[in-house]
Amino acid sequence: AQSVSQHNHHVILSEAASLELGCNYSYGGTVNLFWYVQYPGQHLQLLLKYFSGDPLVKGIKGFEAEFIKSKFSFNLRKPSVQWSDTAEYFCAVKPGGYNKLIFGAGTRLAVHP
Amino acid sequence: DAGVTQSPTHLIKTRGQHVTLRCSPISGHKSVSWYQQVLGQGPQFIFQYYEKEERGRGNFPDRFSARQFPNYSSELNVNALLLGDSALYLCASSPAEGYDNSPLHFGNGTRLTVT
């Protein structure tokens, strides 16, 4: 079955620390990959997406993610987090030929000033 | 532009009752999808509608149904509510049918509590 795994359920960082959130998926075919963020009290928002081409994609607010096809991974990174990055982060996969997103369980990030 | 709007924002129902949740997509978007987000989990796909037709259904029982209206708004109906139906129900819209690269735009959700 298609699934998405996010390795870290809770992450606590200090401001200016670097961030990497892991995401692995199980699907052997073509995929579109997404990271969504949910700030407290707000709706899910798109951070970045990968469809094809350069496997390193840049999103909003200084986030980037790297697609490694051989590892079925799409890890999210940010060199220096801010307190305002406190949120829940969801990795999602849209398998080719499907019209639905498959989400991971999410990672809660807390950034302390 | 208004985003995806959902109503109501919160709802409390008793086991066995029926509930209707509503969603208005972003103007110009013809596709609406519904997701269920149980506490501590990621959203799970329930339905997708495009041009008033069901185009996808997730692994949910027949107690769950939906429809899309000519103005592209949508309703999600759940019959015979169970405690396990307590969740945040998310509506998302996109311009096209969903097989393309368009990302989904999500609403704030309806928090359903079943007691």
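Remember, it's a predicted structure, so these values are computed and weren't measured experimentally.

Novice: Could you clarify how one ought to interpret the overall build of chain A in this entry?
Specialist: A count of helical and extended segments in chain A gives zero helices and 12 strands. The order of helices and strands in chain A, counted from the N terminus, is β-β-β-β-β-β-β-β-β-β-β-β. Scaling as 2.2 N^0.38, a compact globule of 113 residues should have a C-alpha radius of gyration of about 13 Å, and chain A matches this with 13 Å. C-alpha extents for chain A along the principal axes are approximately 45 × 25 × 20 Å. Per-residue burial over chain A gives 47% buried out of 113 residues. In the structure as shown, chain A presents an accessible area of about 5,300 Å², 53% of it carried by carbon and sulfur atoms.

Novice: I keep staring at the overall build of chain B and nothing clicks. Help me out?
Specialist: When you go through chain B residue by residue, the secondary structure sums to zero helices and 11 strands. Counting from the amino terminus, chain B carries its helices and strands in the arrangement β-β-β-β-β-β-β-β-β-β-β. Relative to a compact globule of 115 residues, whose C-alpha radius of gyration would be 13 Å, chain B shows 13 Å and is just as compact. Summarising its shape, the C-alpha atoms of chain B cover approximately 40 × 30 × 25 Å along the three principal directions. Here chain B holds 115 residues, and the buried ones make up 50% of them. Looking at chain B alone, contacts between residues at least 24 apart form 54% of all its contacts between residues at least 6 apart. Carbon and sulfur atoms provide 48% of the accessible area of chain B, an area that totals close to 5,400 Å². In chain B, the 10 positive side-chain charges and the 9 negative ones have mean positions that sit 9 Å from each other.

Novice: What exactly am I supposed to notice about the side chain of B:H29 here?
Specialist: Residues and elements named next belong to chain B. Within the element layout of this structure, H29 appears in the loop between β3 (19-24) and β4 (31-37). With a relative accessible area of 10%, H29 lands in the buried category. Side-chain polar atoms of H29 contact the backbone nitrogen of S94, separated by 3.4 Å. What H29 contacts, discounting residues up to four positions off in sequence, is Y72, S93, S94, P95 and H105.

Novice: How do you make sense of the nonpolar core when you look at a structure like this?
Specialist: Residues A:W35, A:L48, A:F74, A:L76 and A:Y89 are the most contacted members of the largest nonpolar core, which totals 29 residues. What A:F74 contacts, discounting residues up to four positions off in sequence, is A:C23, A:L33, A:F34, A:W35, A:L48, A:Y50, A:V57, A:A65, A:E66, A:F67 and A:C91. Grouped together as the second largest cluster of nonpolar side chains are 22 residues, B:C23, B:I46, B:F60 and B:L76 included.

Novice: I tried to follow unusual backbone geometry on my own but got confused; where do I start?
Specialist: Both trends apply: most residues other than glycine have a negative phi, and most peptide bonds are in trans. All names here are of chain B. At the junction of S7 and P8, the peptide bond is cis and its omega measures out at -10° in the coordinates. Along the polypeptide, P8 turns up in the loop between β1 (5-7) and β2 (10-13). Even without being glycine, E51 reaches a positive phi, approximately 50°. Secondary-structure assignment places E51 in the loop between β5 (44-50) and β6 (53-57). For E51, a relative accessible area of 28% gives the class partly exposed.

Novice: Would you take a moment to explain the layout of surface pockets for this structure?
Specialist: Any empty space left between atoms is shown by rolling a water-sized probe over those atoms. In this structure, the largest pocket encloses a volume near 590 Å³. At the level of secondary structure, the elements contributing two or more residues to the lining of the largest pocket comprise β2 (10-14), β10 (87-95) and β12 (107-112) of chain A. Within this model, the second largest pocket holds a volume of roughly 210 Å³. Every residue lining the second largest pocket is listed: A:Q2, A:K100, A:L101, A:I102, A:F103, B:P43, B:Q44, B:F45, B:G58, B:N59 and B:F60. For the lining of the second largest pocket, the secondary-structure elements that each account for two or more residues are β11 (102-103) of chain A together with β5 of chain B. For the lining of the second largest pocket, the residue count by class is six nonpolar, four polar and one charged.

Calculation rules
Residues numbered from 1 in each chain as written. Chains lettered and ligands numbered in written order. Predicted model: local features only at pLDDT ≥ 70, side-chain atom pairs only at ≥ 80, totals over all residues. Heavy atoms only, no water. Helix = DSSP H or I, 4+ residues; strand = E, 2+ residues; numbered from the N terminus. Rg over C-alpha atoms; globule rule 2.2 N^0.38 Å. Buried < 20%, exposed > 50% of the residue type's maximum accessible area, 1.4 Å probe, protein only. Areas by Shrake-Rupley, 256 points an atom, 1.4 Å probe, with all protein chains shown as cover. Contact = heavy atoms within 4.5 Å. Lys, Arg positive; Asp, Glu negative; His and termini not counted. Charge placed at Lys NZ, Arg CZ, Asp CG, Glu CD. Polar contact = N/O pair within 3.5 Å; in protein donor to acceptor, adjacent residues only side chain to side chain. Core = buried A, V, L, I, M, F, W, Y, C linked by side-chain atoms within 4.5 Å. 1 Å grid on protein atoms, 1.4 Å probe; cavity = no way out; pocket = protein on both sides within 12 Å on 5 of 7 lines; lining within 4 Å. Points joined across faces, edges and corners; volume = space filled by probe spheres on them. Nonpolar A, V, L, I, M, F, W, Y, C, P; charged D, E, K, R; others polar.

The analysis is restricted to geometry; functional conclusions fall outside its scope.
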